[in-house]
Amino acid sequence: EYAEEEVLYDEVTSESGTGSTVLPESQKLIRTVYMEAETLSMNSLMGWLDERGASLNGYYEQKSIRRSGSRDDGSYYQNADLTIRIPADKLDSFVAQVKGVSNVISYNESQEDVTLTYVSTESRIKALETEQARLLELLAQAENMSDLLEIEARLTDVRYELESVTSQLLVLANKVDYATVRLYISQVKEYTEVEEQTVWQRIATGFKQNLRDMGQGAENFLVWIVTFSISLWVMPYSSSKLMQASMAGCAQRQQV
């Protein structure tokens, strides 16, 4: 469910005078934060993230915790790869608190302005709703079968497009309302001393994050390929069995 938000608009007429562009007073931004952090206790930090995220009405979109090797004291080395969705208006506060409970060694934020896409999608929905209402009026007034079928066909198309565009707006609204925090955590014995990153270090950090994202995507793609390949192998085998059974049934009926 999404809360309705009343937005004030200014109308700006185009130079040609044939149309107008409606822009909202506030921008629609998709904010994404990439953070790499260290912790002395993965369990404690994860517990804090669970509690703090829930208190902000946030949620995990993806959560992966891995153990590797063992320490002298018998404990494990751990790292976590998290995708957390946080209400956009709480993002700055959440990031500051993460920095307070862990050692953040890299930080990067990107913003995507989707204001025009958001507004045009809303306008398209309104236009489709208007057309749908008009088609329902015409449907009630239709006097012959030809007109009735034509109106119903167009009404079906409008309803399908309206459902699709509405879903697109809901997805876009969710991305705007909830910022994305990509957080990679390593459990360490001692914190790494953090120095202010140079431009090239920031580029390297962004490159590593992109590689990590690509790795996750490649893993998902590999799972799909294997599943699809098995399906292609099983389907001909199953079809062959069905054909053999069908031929056997036909032969028995001919003998009878």
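Note that the structure is predicted; figures quoted are calculated from it, not measured.

Colleague: I would appreciate a short explanation of the nonpolar core in the present structure.
Modeller: Here is a general trend for soluble globular proteins: nonpolar side chains tend to be buried in one another's company. Ranked by internal contacts, the top residues of the largest apolar core, which has 21 residues, are Leu 49, Val 181, Leu 183 and Ile 185. Only strand 3 (29-39), helix 1 (42-55), strand 5 (76-87), helix 2 (91-101) and strand 7 (178-187) provide two or more residues apiece to this core. Apart from the residues lying within four places of it in its own chain, the contact partners of Leu 49 are Tyr 60, Leu 82, Ile 84, Phe 94, Val 98, Leu 183 and Ile 185. Core analysis: the next-biggest nonpolar cluster, separate from the first, contains 15 residues, Ile 30, Tyr 118, Ile 151 and Leu 162 among them.

Colleague: Can you help me understand the packing of aromatic side chains in this one?
Modeller: For any two aromatic rings, the description comes down to two numbers: the centre-to-centre distance and the angle of the planes. Tallied over the entire structure, the rule returns two aromatic pairs. With centroids separated by 5.8 Å and ring planes inclined at 50 degrees, the aromatic side chains of Tyr 59 and Tyr 178 adopt a geometry described as tilted. Linking Tyr 59 in strand 4 (residues 59-70) with Tyr 178 in strand 7, this pair joins segments that are 119 residues apart in sequence. According to the relative accessible area criterion, Tyr 59 is partly exposed, its value standing at 34%. For Tyr 178, a relative accessible area of 21% gives the class partly exposed. Taking NZ or CZ as reference, Lys 28 lies 4.7 Å from the ring centre of Tyr 118, over its face. Lying over the aromatic face of Tyr 107, Lys 99 brings its terminal NZ or CZ to 4.4 Å of the ring centre.

Colleague: Would you take a moment to explain the confidence of the model for the protein chain for this structure?
Modeller: Low-confidence regions, as indicated by low pLDDT, have predicted coordinates that should not be scrutinised in detail. In the predicted model, the protein chain carries a mean pLDDT of 78, and 63% of its residues have values of at least 70. Under a pLDDT of 50 for its full length, residues 1-21 has, in the predicted model, 26 contacts with residues more than four places off or in other chains.

Colleague: Is there a simple way to think about the pairing of strand 5 in this case?
Modeller: A regular strand carries its side chains on alternate faces of the sheet. Among the 12 residues that make up strand 5, 10 are buried, leaving the element largely enclosed by the rest of the structure. Bridge count between strand 5 and strand 7: nine bridges; the pairing is antiparallel. What sits directly across from Arg 85, in strand 7, is Thr 180.

Colleague: Sorry if this is basic, but what is going on with helix 3 (residues 115-141) here?
Modeller: Structurally, the α-helix is built with 3.6 residues per turn, so residues lying three or four positions apart point the same way. When the terminal C-alpha atoms of helix 3 are compared, their 40 Å separation across 27 residues agrees well with the 39 Å that a helix rising 1.5 Å per residue should span. Listed as buried for helix 3 are Thr 115, Tyr 118, Val 119, Thr 121, Ile 125, Leu 128, Gln 132 and Leu 135.

Colleague: Teacher, can you tell me more about unusual backbone geometry here?
Modeller: Although it is not a glycine, Asn 57 adopts a positive phi angle of roughly 65 degrees. Positionally, Asn 57 belongs in the loop between helix 1 and strand 4.

Colleague: How should the pattern of salt bridges be read in this particular structure?
Modeller: Side-chain pairing between opposite charges can occur once the charged atoms of the two side chains come close. Counting across every chain of the model gives nine salt bridges. The salt bridge partner of Asp 50 is Lys 63, with a shortest N-O separation of 3.6 Å. Taken together, the positions of Asp 50 in helix 1 and Lys 63 in strand 4 put the pair 13 residues apart, joining distant regions of the chain. When its relative accessible area of 34% is taken as the criterion, Asp 50 is described as partly exposed. Lys 63 sits in the partly exposed class, given a relative accessible area of 43%. Here Glu 61 makes a salt bridge to Arg 85, at a shortest N to O gap of 3.2 Å. Residue Glu 61 is found in strand 4, and its partner Arg 85 is found in strand 5; the two are separated by 24 residues along the sequence. Salt bridges sharing partners connect three or more residues here, namely Arg 31, Asp 92 and Glu 109.

Rules and cut-offs
Residues numbered from 1 in each chain as written. Predicted model: local features only at pLDDT ≥ 70, side-chain atom pairs only at ≥ 80, totals over all residues. Heavy atoms only, no water. Core = buried A, V, L, I, M, F, W, Y, C linked by side-chain atoms within 4.5 Å. Buried < 20%, exposed > 50% of the residue type's maximum accessible area, 1.4 Å probe, protein only. Helix = DSSP H or I, 4+ residues; strand = E, 2+ residues; numbered from the N terminus. Contact = heavy atoms within 4.5 Å. Phe/Tyr/Trp six-rings, centres within 6.5 Å; stacked < 30°, edge-to-face > 60°. Lys NZ or Arg CZ within 6 Å of the ring centre and 35° of its normal. pLDDT = per-residue confidence, 0-100. Pairing = 2+ DSSP bridges. Expected span 1.5 Å × (residues − 1). Salt bridge = Lys/Arg side-chain N within 4 Å of Asp/Glu carboxyl O.

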